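Chain by chain, the residues run as shown.
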Amino acid sequence: MHTVSHCLFLINSRKNSIAQGLPPGIAKNLARGKPLPPGIAKRYLPPGLLGQLPVRPGYEWVAVGRDVVLIAIATGIIVDILGDVL
């Protein structure tokens, strides 16, 4: 199992993607312990990238802007944010 620090290193090596950053007002509302703001376009991560992140049953990793976000599936609450890695 990879640690989050190791995952950040692996993800940063893929930073040449064309992901767009979030507008400042929306980015400010993206925080641990809060629900994903309504209307935010989340994208699923490519399988190769997803395979480098730790598996957390009951949670899903998604791309939001340039961030990789861990969300509780049942509640939509943000559990972790790997900022500006895409």
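The numbering scheme is per chain: residues are counted from 1 as the chain's sequence reads. The predicted nature of this model means local features are confined to residues of pLDDT at least 70 and side-chain atom pairs, given and counted, to a pLDDT of 80 or more, with totals for whole chains, interfaces and linings taken over all residues. Note that the side-chain values use all heavy atoms of the structure and ignore hydrogens as well as water.

J.: Mind showing me how you'd approach the pattern of salt bridges here?
T.: When the charged atoms of two side chains lie near each other, side chains of opposite charge can form a pair. When a carboxyl oxygen of Asp or Glu is within 4 Å of a side-chain nitrogen of Lys or Arg, the pair counts as a salt bridge. Summed over all chains, the structure comprises two salt bridges. Between D80 and R32 there is a salt bridge, with its nearest N and O atoms 3.4 Å apart. With D80 in strand β4 (residues 78–82) and R32 in the loop between α2 (24–28) and β1 (42–44), this pair connects stretches of sequence that are 48 residues apart. Among the residues examined, D80 registers a relative accessible area of 17% and is labelled buried. A salt bridge links K42 to E60; the nearest nitrogen and oxygen atoms lie 3.3 Å apart. Of the two residues, K42 sits in strand β1 while E60 sits in strand β2 (residues 59–64), which places them 18 residues apart along the sequence. In this description a helix means any DSSP run of H or I spanning at least four residues, a strand means any run of E spanning at least two, and both kinds are numbered starting from the N terminus. Here the term buried applies to any residue with accessible area under 20% of the maximum for its type, exposed to any over 50%, and partly exposed to those in between, with areas from a 1.4 Å probe on protein chains only.

J.: Please clarify how unusual backbone geometry should be interpreted in this entry.
T.: When glycine is set aside, most residues are seen to have a negative phi, and most peptide bonds are trans. Its identity is not glycine, yet D84 carries a phi of approximately 50°, on the positive side. Positionally, D84 belongs in the segment after β4. D84 sits in the partly exposed class, given a relative accessible area of 37%.

J.: Is there a simple way to explain the nonpolar core in this structure?
T.: Soluble globular proteins tend to bury their nonpolar side chains together. Remark: nonpolar core denotes a set of buried residues (Ala, Val, Leu, Ile, Met, Phe, Trp, Tyr, Cys) joined through side-chain atoms within 4.5 Å. Among the nonpolar cores identified, the biggest contains ten residues, and these are L45, L49, L53, W61, A63, V68, L70, L82, V85 and L86. For this core, the elements supplying multiple residues, two or more each, are β2 and β3 (67–72). The next biggest cluster of nonpolar side chains, apart from the first, holds eight residues, and it includes L30, L36, V64 and V69.

J.: Mind showing me how you'd approach the sheet that holds β3 here?
T.: Where strands meet in a sheet, backbone hydrogen bonds hold them as pairs that are either parallel or antiparallel. The four strands lie next to each other as β1-β2-β3-β4, forming an open sheet whose pairing is antiparallel. Of all the strands in the sheet, just β1 and β4 have a single pairing partner and so form its edges. For this sheet, the mean inter-axis angle between neighbouring strands, taken without regard to orientation, is 35°. Two strands form a pair only when DSSP identifies at least two bridges running between them. Taken together, the three bridges between β1 and β2 define a ladder with antiparallel strand orientation. Looking across to β2, one finds that R43 is bridged to A63. Lines fitted to the C-alpha atoms define the axes, with helices restricted to the stretch that makes contact. Angles between their N-to-C directions range from 0 to 180 degrees.

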